[in-house]
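Residues per chain, in single letters:
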Amino acid sequence: MAVHLTLSLHFIILCLFSPVLSGLFDEYSCYSRLDVCRLKDVALESDRAIELSTFRDIRDPLVIESGTIPKFSQALWKKIPSVLDVTVDRIGIVQLFIRPGLLHLSAVGNAIDKVLLDETKNSEYSMLTLHLSNNQLTELPPLERFVRLMTLAVDNNLLSSIDMGAFSKLTNLRVLSLAHNRLLTVTSPADTPLQLIKLRRLSFAGNQLAVLDIRTWEFDSLEDLNVTSNSLTRFDGSLTQFPVLKRLDLAHNRWYCEWLMMLYTHEDTALGLKLDADEPDRCRDENMMVPRHHCCNPAGADGSGLIDIFGDKWDELKRLALLLDKINATIANGSASVNRVLNVQHEALSGRVAKLTEAQKEQTVQLRELEQGINHQKEKLRNLETELKEKVNRLNQEVNAHWNQTDAGSDEQLMNFTATLATAPTNWSMLAVQNQNNLSQLQKLFVTTSKQFNSYSDKSYEQEALLKAQSARIDNVQQELNEVRRSEKLIQQQLETLEPDANRILSFLTEIRKGCVDDEEEHVESYE
């Protein structure tokens, strides 16, 4: 009997203190039979409650509709290990752990101020979409491990600054929304291009930005850019970095009119780009100008302040518009006349250069012929000199031979020689005269040849000097031609630089004049 009483007592105690048997154990399962698994009234306000809870027959996608889970921890994820698509909106989450295997996570409308990731730093996340809007985040979680992420929305948080380099490894990102935070600065890597080649939508709406630096952004697929409701005055960089941009929302900012006019010029040349518009009442109430679609302020002299462009300045603006029309006409006429003059000068100089080049070619041919003639005359002179020397040597040999025969002969030979001389004096005299004539002719020929050689040498020197002078003239003409070409190029560059500014000023003054006429018509109607 005592044994049965003891067992009964133990059973009662076990029933009272065992959570499974006493009803203190919380079990959750899908109450909907549709494809979406829905849970409600999930109250896990402590680590102990999470530890004691159970989840039965949970499937994808999972939606926790109501309840309170301040700490959505790693231990809670272990209770639902097979779930990959989870929505936990507005259930009071303060601290959120993100499991690496998740594909889709929405935690909108909570009080999240801290996001935890898996401690295994080398593991990459499989996340495709992440929605953390309407929370208390002051900084973004480390995103370099979310290499497959396609959509990231962190609107309506407490972010004050963003480094766009944090998204550099998100090469699959399509949508990025940072709207309605407290952003004062958006920085980018200075030297490294930020290449998000698949990004299509980007929003900075509802922040406090004054300048947006887009110089290193290379978003080849960006179609929608929203920067409304900031304090922006300009972009640093060109919209040509977004070649397929289709929509640009700029309303409710503090744009500089000069930058805005350049943007409108880009809009006119871009294919299919659509802009939003400010309300006309806002421009009038805030004393701002309306060039086309948006309110703007003209930059002051220091580039930072603002000037009052209303009041008695309209007459002056009209006068400036007329002057601008005259300047444009003068520029157009001046450009045409200057181009004509430069073209005429260019053609004349080109003709002179062509003639000088042809003359140089002819003189080069003549000089080559003169050099060949000089060489030929030198060769003839050497041959004549050689022949003359040979004849003189033969004559000397003959004279010496006769003289030696006379000295070495006997008296009989001397007598015979004397008789010979006596009997043939006429033949010897004729031979002497003939030899004398030959020497005279050779001497004359030598003198003539020397004169011809000297003449050819003088002409060669003259032609060489003339060629040097012609080359110097050609160099001077070429320098003048190059100088004219540089002047032409400089004038063309100045005209190209001046023409866009003149066009922008003309367009700007035209818009002002149009606005002035509209205001005058309104005043006339109100007066009537």
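Refer to the structure presented above.
Residues numbered from 1 in each chain as written. Predicted model: local features only at pLDDT ≥ 70, side-chain atom pairs only at ≥ 80, totals over all residues. Heavy atoms only, no water.

Trainee: Looking at this structure, I do not really get the side chain of Asn157. What am I missing?
Mentor: Positionally, Asn157 belongs in the loop between β13 (151-153) and β14 (161-163). Assessed through its relative accessible area of 3%, Asn157 is described here as buried. Side-chain polar atoms of Asn157 contact the backbone nitrogen of Gln136, separated by 3.4 Å. (Helix = DSSP H or I, 4+ residues; strand = E, 2+ residues; numbered from the N terminus. Buried < 20%, exposed > 50% of the residue type's maximum accessible area, 1.4 Å probe, protein only. Polar contact = N/O pair within 3.5 Å; in protein donor to acceptor, adjacent residues only side chain to side chain.)

Trainee: Help me out: how do you make sense of the packing of aromatic side chains in this one?
Mentor: Here the distance between the centres and the angle between the planes together describe a pair of aromatic rings. Applying the stated criterion across every chain yields a total of 9 aromatic pairs. Ring geometry for Tyr125 against Phe146: centres 4.7 Å apart, planes inclined by 25°, an arrangement best described as stacked. Here Phe146 lies in the loop between β12 (129-131) and β13 and Tyr125 lies in the loop between β11 (114-116) and β12, a separation of 21 residues in the sequence. Grouping residues by exposure puts Tyr125 and Phe146 together as buried. In this structure an aromatic cluster arises from ring pairing among Phe204, Trp217, Phe219 and Phe242. Sitting above the plane of the Tyr31 ring, Lys40 keeps its charged end 5.0 Å from the centroid. (Phe/Tyr/Trp six-rings, centres within 6.5 Å; stacked < 30°, edge-to-face > 60°. Lys NZ or Arg CZ within 6 Å of the ring centre and 35° of its normal.)

Trainee: I would appreciate a short explanation of the pattern of salt bridges in the present structure.
Mentor: Once the charged atoms of two side chains with opposite charge are near each other, the side chains can pair. Scanning the entire structure with this criterion turns up 14 salt bridges. The closest approach of N and O atoms between Asp213 and Arg215, which form a salt bridge, is 2.8 Å. The class for Asp213 is partly exposed, based on a relative accessible area of 23%. Among the ionic pairs, Asp281 bridges to Arg284, the shortest N-O distance being 2.6 Å. With Asp281 and Arg284 both in helix α6 (residues 280-285) and 3 residues apart, the pair spans about one turn of that helix. For Asp281, a relative accessible area of 43% gives the class partly exposed. (Salt bridge = Lys/Arg side-chain N within 4 Å of Asp/Glu carboxyl O.)

Trainee: Is there a simple way to explain unusual backbone geometry in this structure?
Mentor: When glycine is set aside, most residues are seen to have a negative phi, and most peptide bonds are trans. Cis geometry is found at the peptide bond from Asp60 to Pro61, where omega equals -15°. With respect to the helices and strands, Pro61 occurs in the loop between β4 (54-56) and β5 (62-64). In this structure, Ser229 is a non-glycine residue whose phi angle is positive, near 55°. Mapped onto the secondary structure, Ser229 falls in the loop between β21 (224-226) and β22 (234-236). When its relative accessible area of 35% is taken as the criterion, Ser229 is described as partly exposed.

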